[in-house]
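Per-entry structural report
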Amino acid sequence: MHRKSPSLLLAGVLLVASIPTFATVTAPAPVTLVAPKAIVPDPHDAVVDEVIAGLMERAHYSNRPLDDTLSQQIFKHYLEDLDPNRSYFTQGDVDSISGMKLTLGDDIRDGRLQPAFDIYNLFQKRVAERLQYAMQLLSKEPDFSVQERYTFDRSKAPWAKDSAELDDLWRKRVKNDAISLLLAGKTWPQAADTLRKRYQNFAYRTNQVNATDVFSLFMNSYVHSVDPHTDYFPPSQSEEFQIQMSLKLQGIGASLISDGEYTRVDHLLPGGPAARDKRLQPDDRITGVAQGADGDMVDVVGWRLDDVVALIRGTPGTVVRLQVLPAGAAPGAPEKVIQLTRDNVKLEAQAAHKKIVTVTRGEHRYKIGVITVPGFYEDLEARLQGDKNYNSTTRDVAKLLVGLKAEHVDGVVMDLRNNGGGSLREAEDLTGLFIPEGPVVQIRHHDGKIDVEGEDADNGVVYAGPLAVLVNRYTASASEIFAAAIQDYRRGLVVGSTTYGKGTVQQLADLNRFIPGDSDSGQLKLTIDKFYRVSGSSTQDKGVTPDISLPALVDPADVGESTNDSALPWDEIAPADYGVLHDGLDRALPQLNKDHEQRVAKDPDWKLFMDALHDVQAERAETSVSLVLAERQKERAAEDAKRLVLANAWRKLEGLAPAATLEEALKAPKTASDPDGSDSPGIEPDVLLDETAEIVADMEAKKLFQHAPASAVADRN
């Protein structure tokens, strides 16, 4: 199981530890932290709770009752959301509250919130105890020569059996936190001072948690136990959600969530400063924020999400610097500082765009058009007002296809990597640019009714030649619908890695409508429908499996719908009426795969990419680190040396002189031409896109699309 903490959670801090032999140093006397006050539920929230429970049981797609089984899952998820790394509760604590496993469901249905608040108050007490212990450890410098390791990923570990075991865990956590700072150039007194402020700040923020925060956390533990895409937004979060949906953002263009003690990048908004810069990536963790080009870096480990967002968001044109721990890297790994200029994130900046990649085969040169689609956007207001020139993905792609045809391209790649979806209507209409007629997607509602969508779409086919859809693990929702339709009709090949598997539809419910005279109850984003391919197979959970697989940096066990234990299951319904357009694709696929494998086996760019990928995978497989400072320094030096060798290898292939230092190498101009980022690490070219273009050239060379059928509809029954 791999679950992410909800956005309101302030779980633990990256207090990372210290161990045995301590050397005495001069340090301030330990600070005694103020004990947190017990938080009591707001009577108004009991009413909201009952409304949410009613909607979940009656209107959610699964129609799941609040029975004993769900009650136990809510209990489990609530503890995981509070203490995801099992660093605060002991087994004794869990045993003392385990009697609530079978009663939380009844409590939710009846509006009894005190039991959930009792659990939270126990958690808050344990947090205060751990922080106080961590502060005491800072009065002495640890012995950084003792051979031991710190296990930083305890998400699957058993609960600590007692407080003595937690003491040892936290000693190591604090020591590792200190090593991280020492590796960044700080002295022990400086590191101790930084950590002291970090723990004090975290204690202060823990004490600022109010009844609304606890209620929201518990409600999301409940609704996420039913499915991961149903969310409760309290009034303040409802406003934030509306800001994101309107795309009127002022900042760096990144969606952030809390993940334990960290603020983690969930996704980047196409067209925003972060997406254009490319250095910030999904699942990176922000550990510090500074204002301007030379402002002091503020440590934000353990901060509330809204406080971190407040530091990052700002007036367009101003500068913010982020200190970032890369995705998958262990605490103490090299961090990067990214300077970004804040800007408005506008719909226009997310528009589809094109380029041409040239594939050379002997004396023959194939021109392959590439259209990158960052998201499925639509200016709905302009369309409803009758504006014939309203912005939309389909309209933009149609123009790009016409332009590529005018340049006499031999094939087209639709690049949907990192496309998280958007307008379903646009996904349907976009499919119509490639498929003459026929349904695109089936939707089953929570009442069992099935609608077949896209049958009446009549955009007119704009392009009928060789086609590949390039996808990755972050290709989700409406993007999966488009890729699945192209694959099912055999209109083209899907290339890349298995997609996310988000095959559900959500609807936003204003809870004020259900409470007469109320105006501050928030909103519930509720899963109401499920997507199915025209073949009858769901895109939910399993996603879309490529016809030709390419490697990806992310592990499917860490990213995707299947990592959520509450994800709705994959299933099938009856197929719609549709027909295969190019049955020759299936016959040619084994040879296309063989050609691909033979080509990459000899490609020096591909070899370097795979070397870098293996290094990243090995790093992410680690769950513990050494607490010997000298060993960590050697590991850091070896890692930097390896990165420099790899960077210089790329530079050599690109005809650049070797760099003397890693810093110099990383400042080299990138050759990757995809402006929305790709799966490729470092400064290397976009080898995945280049290979997809090669595959399309293979399709053209085999003349697989020479005779396109006139109709895509056939009776399959």
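Residues numbered from 1 in each chain as written. Predicted model: local features only at pLDDT ≥ 70, side-chain atom pairs only at ≥ 80, totals over all residues. Heavy atoms only, no water.

1. Description of helix α1 (residues 43–59)
The terminal C-alpha atoms of α1, which comprises 17 residues, lie 25 Å apart, in line with the 24 Å expected from a rise of 1.5 Å per residue. If you check which residues of α1 are buried, you get Asp45, Ala46, Val48, Asp49, Val51, Ile52, Ala53, Gly54, Leu55, Met56 and Ala59. You can read the cap of α1 off the contacts: a side-chain oxygen lies 2.9 Å from the backbone nitrogen of His44, and it is on Asp42. (Helix = DSSP H or I, 4+ residues; strand = E, 2+ residues; numbered from the N terminus. Expected span 1.5 Å × (residues − 1). Buried < 20%, exposed > 50% of the residue type's maximum accessible area, 1.4 Å probe, protein only. Polar contact = N/O pair within 3.5 Å; in protein donor to acceptor, adjacent residues only side chain to side chain.)

2. A few points about unusual backbone geometry
The phi dihedral of Asp283 is positive, around 75 degrees, even though this residue is not glycine. Judged by relative accessible area, Asp283 falls into the buried class, the value being 17%. Phi at Arg490 is positive, roughly 55 degrees, even though this residue is not glycine. Examined against the element boundaries, Arg490 turns out to sit in the loop between α15 (478–488) and β19 (493–496).

3. Quick word on the packing of aromatic side chains
For the structure on display, the rule yields 11 aromatic pairs. On the numbers, 5.4 Å between centres and 55 degrees between planes, the contact of Tyr88 with Trp170 is tilted. Placement of the pair is Tyr88 in the loop between α2 (68–82) and α3 (91–97) and Trp170 in helix α6 (residues 163–183), with a sequence separation of 82 residues. Following the ring pairs from residue to residue traces out a cluster consisting of Tyr88, Phe89, Tyr120, Phe123, Trp159 and Trp170. The aromatic ring of Trp303 is capped on one face by Arg205, whose charged end is 3.6 Å from the ring centroid. One cation-aromatic arrangement involves Lys542 over Trp570; the distance from NZ or CZ to the ring centre is 3.7 Å. (Phe/Tyr/Trp six-rings, centres within 6.5 Å; stacked < 30°, edge-to-face > 60°. Lys NZ or Arg CZ within 6 Å of the ring centre and 35° of its normal.)

4. Considering the packing of helix α17 (residues 604–621) against helix α18 (residues 629–653)
Two quantities define a packed helix pair, namely the angle between the helix axes and the distance between the axes. It is the contact of α17 with α18, at a shortest axis distance of 11 Å, that shows an interaxial angle of 160 degrees. Between α17 and α18, the angle is such that the two are roughly antiparallel. Here the hand of the crossing between α17 and α18 comes out left-handed. For the pair α17 and α18, the contacting residues are Pro604, Asp605, Leu608, Phe609, Ala612 and Asp615 in the first and Lys642, Leu646, Ala649, Trp650 and Leu653 in the second. Tallied by class, residues from the contact of α17 with α18 come to 8 nonpolar, no polar and 3 charged. (Axes fitted to C-alpha atoms, helices over the stretch in contact; angles between N-to-C directions. Parallel < 35°, antiparallel > 145°, perpendicular 65-115°, else oblique. Left-handed = near helix turned anticlockwise from the far one by under 90°. Contact = heavy atoms within 4.5 Å. Nonpolar A, V, L, I, M, F, W, Y, C, P; charged D, E, K, R; others polar.)

5. Considerations on helix α20 (residues 687–701)
In a regular helix each residue adds 1.5 Å, so 15 residues correspond to 21 Å; α20 covers 21 Å between its end C-alpha atoms and thus fits that length. Burial analysis of α20 places 13 of its 15 residues in the buried class, the great majority of the element. Where α20 terminates, the next one or two residues include Lys703, which has phi positive at roughly 55 degrees.

6. Side note on the pattern of salt bridges
The full count for this structure, using the stated rule, is 41 salt bridges. In this structure, the salt-bridge partner of Arg126 is Asp93, at a minimum N-O distance of 2.9 Å. You can see Arg126 sitting in helix α5 (residues 114–137) and its partner Asp93 sitting in helix α3, a full 33 residues away along the chain. Per residue, the accessibility class of Arg126 equals that of Asp93, and both read buried. Across the pair Glu129 and Arg126 runs a salt bridge, and its minimum N-O distance is 3.1 Å. Linking Glu129 with Arg126, this pair stays in helix α5, spanning 3 residues, or about one helical turn. Glu129 sits in the partly exposed class, given a relative accessible area of 33%. Connected through shared salt-bridge partners, Glu148, Asp168, Arg171, Lys172 and Lys175 make up one network. (Salt bridge = Lys/Arg side-chain N within 4 Å of Asp/Glu carboxyl O.)

7. Here we look at the nonpolar core
In globular proteins that are soluble, nonpolar side chains generally tend to be buried together. By size, the foremost hydrophobic cluster in this structure holds 78 residues, and its most contacted members are Ile52, Tyr78, Tyr120, Phe218, Tyr222 and Leu524. A total of 12 residues in this core trace back to one element, the largest contributor, which is α5. (Core = buried A, V, L, I, M, F, W, Y, C linked by side-chain atoms within 4.5 Å.)

8. Considerations on the sheet that holds β19
Read across the open sheet, the 6 strands follow the order β13-β14-β15-β18-β19-β22; overall the sheet is mixed. The open sheet has two edge strands with one neighbour each: β13 (353–361) and β22 (548–549). In this structure, strand β15 (residues 411–415) lies alongside strand β18 (residues 467–471), joined through 4 bridges in parallel fashion. Its bridge partner lying in β18, Asp415 is registered against Leu470. (Pairing = 2+ DSSP bridges.)

9. Examining the environment of Gly420
Structurally, the position occupied by Gly420 is in the loop between β15 and α14 (424–431). In this structure the C-alpha to C-alpha distance between Gly420 and Phe376, which are 44 residues apart in sequence, comes to 8.5 Å. Those residues within four positions of Gly420 in sequence are excluded, and the remaining contacts are Pro374, Tyr474, Ala476 and Ser477.

10. Description of the environment of Ala38
With respect to the helices and strands, the residue Ala38 is situated in the loop between β1 (22–24) and α1. Classification of Ala38 as exposed rests on a relative accessible area of 61%. Taking C-alpha positions, Ala38 is 8.5 Å from Gln124, a pair spaced 86 residues apart along the chain.

11. Some words on the side chain of Ser225
Here Ser225 shows up in helix α8 (residues 211–226). Here the side chain of Ser225 touches Ser221 through a polar contact of 2.6 Å, landing on its backbone oxygen. Non-local contacts of Ser225, meaning those with residues more than four positions away in its chain, are made with Arg64, Leu70, Gln73, Ile74, His77 and Ser566.

12. Quick word on the confidence of the model for the protein
Scored by pLDDT, the protein has a mean of 85; 86% of the residues are at 70 or more. In the predicted structure, residues 1–29 sits below a pLDDT of 50 and forms 135 contacts with residues beyond four places in sequence or in another chain. This model gives residues 240–249 a pLDDT under 50, and the stretch forms 22 contacts once residues within four places in sequence are excluded. (pLDDT = per-residue confidence, 0-100.)

13. Observations regarding the pairing of β18
Across the 5 residues of β18, 5 count as buried, placing the element largely inside the fold. Of the two faces of β18, the one lined by Leu467, Val469 and Val471 and the one lined by Ala468 and Leu470 are each fully buried. Taken together, the 4 bridges between β18 and β19 define a ladder with parallel strand orientation. Of the residues in β19, the one forming a bridge with Val471 is Gly496. Crossover handedness for the path β18 to α15 to β19: right-handed. (Right-handed = clockwise from strand over helix to strand, strands pointing away.)

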